[in-house]
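Chain by chain, the residues run as shown.
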Amino acid sequence: MTTAQALVAFLARQYTERDGRRHRLISATWGIFGHGNVAGIGQALVEAGNGTRNGTRNGDGTRNANGTRNGDGTRTGDGHGTQNGDGTRNGDGHGNRTRPRMPYLQGRNEQAMVHAAVGYARQSGRLSAHAVTTSIGPGATNLVTGAALATINHLPVLLLPGDTFATRPADPVLQQLEVPYAGDVSVNDCLRPVSRYFDRVTRPEALIPAALQAMRVLADPAETGAVTLALPQDVQAEAYDWPEEFFAERVWRVRRPAPDTAELEAAVRAVRSARRPLIVAGGGVRHSGAEETFAAFTAATRIPVASTQAGKGALRHDHPADVGGIGHTGTATADELARTADLVIGVGTRYTDFTTASGTLFENPAVRFLNLNITGFDAHKLAALPLVADARTGLEALTSALAGRGYRIDPAYETEYTGAKEAWEEQVEASFTTPDPTARPTQTQVLGLLDTLVTEEDILINAAGSLPGDLHKLWRTRSRDQYHVEYGYSCMGYEIPAAIGVLLATRTHERPRPVWALVGDGTYLMNPTEIVTAVQENLPLKLLILQNHGYASIGGLSEAVGGERLGTSYRHRDPDGGFTGPPLPVDLAANAASLGMRVLRATTVDDLRKALAEARSAEGPTCVYVETETPDTVSGPPPAQAWWDVPVAETASRPAAVTAREEYDRRVAARRHHL
């Protein structure tokens, strides 16, 4: 077998197992082909049950030369055994080994393929992943953004970029980066810092240890992220006599490490001594599948729960202990509790600056931190007491230990935060209200209309712009996986391909779950290409485009820090050189339609209500397009409840920047290090 054929056959036999349930580790491969992978991985994917078949076709539909295709999907007489309807192959000349199929998915943009794979992995609970193959040169470097996103969010994806010739028969080859000081550097080295594991397979036999290490990292809940195997194009096509054992089925058990006894005892003492504890739920709760255990812990202790973007949904929005998002985009309830907390219990969070309000949120001089995390790196942040363990296992141990000592927060504290939560819900309702059905909706009113329509089946996907802030503050999450906001890398263009990945992960359901990709016009223009993939696969993607003629989020930030909204509006250039002219005549709805989507245009609140309902019931890819009103003229979302550090020019001649710097100096004085 060639190196590429061996790799594909190996990947098709890798499995994960957690809690007694087995999943295929690499369930499909995305690919765009060029000279760097078409004859290697591309040909191997054909061998694995994809693509066209060779040989002559007879009038009755059978094929000769490479075998006869029977009505049940089997193939006979080709010297390589029979191929069954499910893609397995029997008696292929290597014993009677079954060759499992490796499905191929066709993408349009390399970065988008990684995003789709990440969406799939997140929806699959990190227990199943996709591979992504590209050519050399620009195809490979297009992977870098997606790889960074995967690694930052601790989500598994296997990257298989082509690489320049290992044997160097012609130097340079097409698209090769020449580095005068190093002959062994290629553009794939850009992937090293954004990968959790990287190897360049320069000999066929080197694939064996590299592939095994790659699987180990992908299946490791503490290490997982982007894994890169760079594959020189000549090595991909080179044949080698592989050991039979390389193709044996392997099961990689996803472990649930228990907490250290001494760390657990210290954690129990910290919780029991706290008068105003607050839990910060991060993405680790979801990755662990710990939602039920988490709910049991809060039911026993009544400690309030605030959530990061990745952790939102750890509790349903109507759970008594849920106080909403925390930090710069958090709720007033959660942020006020954070300011007065004497113990912050982080569960599966890495404490980004949005969560800590750039080090200004946790104001109590006596505040201490207790971090339950599967990685020691995150467990020790903010000088915390570490509880290094799987989230579910750690919560079970903590619940049991506290129950034996009768711990529960003061009822007055519970009454305080539940009352504050009710007050915040009134603000949410006011933001969602649409009193005039003939008016053009605001962005928050769009979310309000969607809120009335969805059930716990629906999944919302977003990543960048002003929508993540509105969603974090306002969205009422109804199920553990409904809220899918990628805010580790906050990558514009993630939403549409990620929605495709989520839809692929939920295909096993009796009927497809409604999956919504929420994008602004700026995000849409970054990466609309995978609409074509959704159309090709007939996936019932619900795409909601909010047109506000520019970058609303960065526009507001620019104004706040003295940037005067430069370059944040999609408008014609004016005579003075600015961009204050009429909006550009860009029709994103027509663009989506040209890529194959059914498009529903909405002008008013009433139009939008009907269009959203129609899109939700649609069986194919459907787009709802609406132009939103700016919150300058009507009620918008509640303002930020906590600060975020974006440095302002220390010296400037323009009044806007001078004023912004004065505010910045006032805010930054409140920042503290937790030591």
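Just so it is clear, the structure is predicted and the values come from calculations on it, not from any experiment.

A. Region of interest: the nonpolar core. Core analysis: the largest hydrophobic core is formed by 53 residues, its most contacted members being Trp30, Val132, Leu159, Tyr524 and Leu543. Not counting the four nearest positions on each side in its chain, Tyr524 is found in contact with Ile496, Val519, Ile531, Leu543, Ile545, Leu588, Asn591, Ala592 and Leu595. Core analysis: the next-biggest nonpolar cluster, separate from the first, contains 52 residues, Val285, Leu337, Tyr407 and Tyr417 among them.

B. Local environment of the side chain of Arg478. Note on placement: Arg478 falls in the loop between α17 (467-474) and β21 (483-485). There is a polar contact of 2.9 Å between the side chain of Arg478 and the backbone oxygen of Asp451.

C. Representation of the environment of Phe369 within the structure. By the element assignment, Phe369 lies in strand β18 (residues 368-373). Taking the C-alpha atoms as reference, Phe369 lies 44 Å from Thr529; in sequence the two are 160 residues apart. Apart from residues no more than four positions distant in its own chain, Phe369 is found in contact with Leu343, Val344, Tyr351, Phe362, Leu382, Ala384, Leu385 and His674.

D. Looking closely at the sheet that holds strand β13 (residues 250-253). Within the open sheet, the 3 strands sit side by side as β2-β1-β13. Their pairing is mixed. On the outer flanks of this sheet lie β2 (21-24) and β13, each paired with one strand and no other. For this sheet, the mean angle separating the axes of adjacent strands, direction not counted, is 35°. Relative to β2, strand β1 (residues 14-18) runs antiparallel, the two being bridged by 4 bridges. Within the sheet, the bridge partner assigned to Thr16 lies in β2 and is His23. Across the sheet, helix α6 (residues 207-219) lies against β1 and β13, angled at about 35° from β13, the strand it touches most.

E. Here's a closer look at a nonpolar patch on the surface. On the surface, Leu525, Leu584 and Val586 cluster together into a nonpolar patch covering about 220 Å² of accessible area. Among the secondary structure elements, Val586 is positioned in the loop between α21 (552-560) and α22 (588-594). Classification of Val586 by relative accessible area gives partly exposed; the value is 39%.

F. Structural view of the sheet that holds β18. With parallel pairing, the 6 strands of this open sheet are ordered in space as β16-β15-β14-β17-β18-β19. The open sheet has two free edges, formed respectively by β16 (322-325) and β19 (385-388), since each of these has just one partner strand. Sheet twist, expressed as the mean angle between neighbouring strand axes with direction ignored, is 20°.

What counts and how
- Residues numbered from 1 in each chain as written.
- Predicted model: local features only at pLDDT ≥ 70, side-chain atom pairs only at ≥ 80, totals over all residues.
- Heavy atoms only, no water.
- Core = buried A, V, L, I, M, F, W, Y, C linked by side-chain atoms within 4.5 Å.
- Buried < 20%, exposed > 50% of the residue type's maximum accessible area, 1.4 Å probe, protein only.
- Contact = heavy atoms within 4.5 Å.
- Helix = DSSP H or I, 4+ residues; strand = E, 2+ residues; numbered from the N terminus.
- Polar contact = N/O pair within 3.5 Å; in protein donor to acceptor, adjacent residues only side chain to side chain.
- Pairing = 2+ DSSP bridges.
- Axes fitted to C-alpha atoms, helices over the stretch in contact; angles between N-to-C directions.
- Patch = residues over 30% accessible without salt bridge, like charges linked within 9 Å, V, L, I, M, F, W, Y side chains within 5 Å.
- Areas by Shrake-Rupley, 256 points an atom, 1.4 Å probe, with all protein chains shown as cover.
- Salt bridge = Lys/Arg side-chain N within 4 Å of Asp/Glu carboxyl O.

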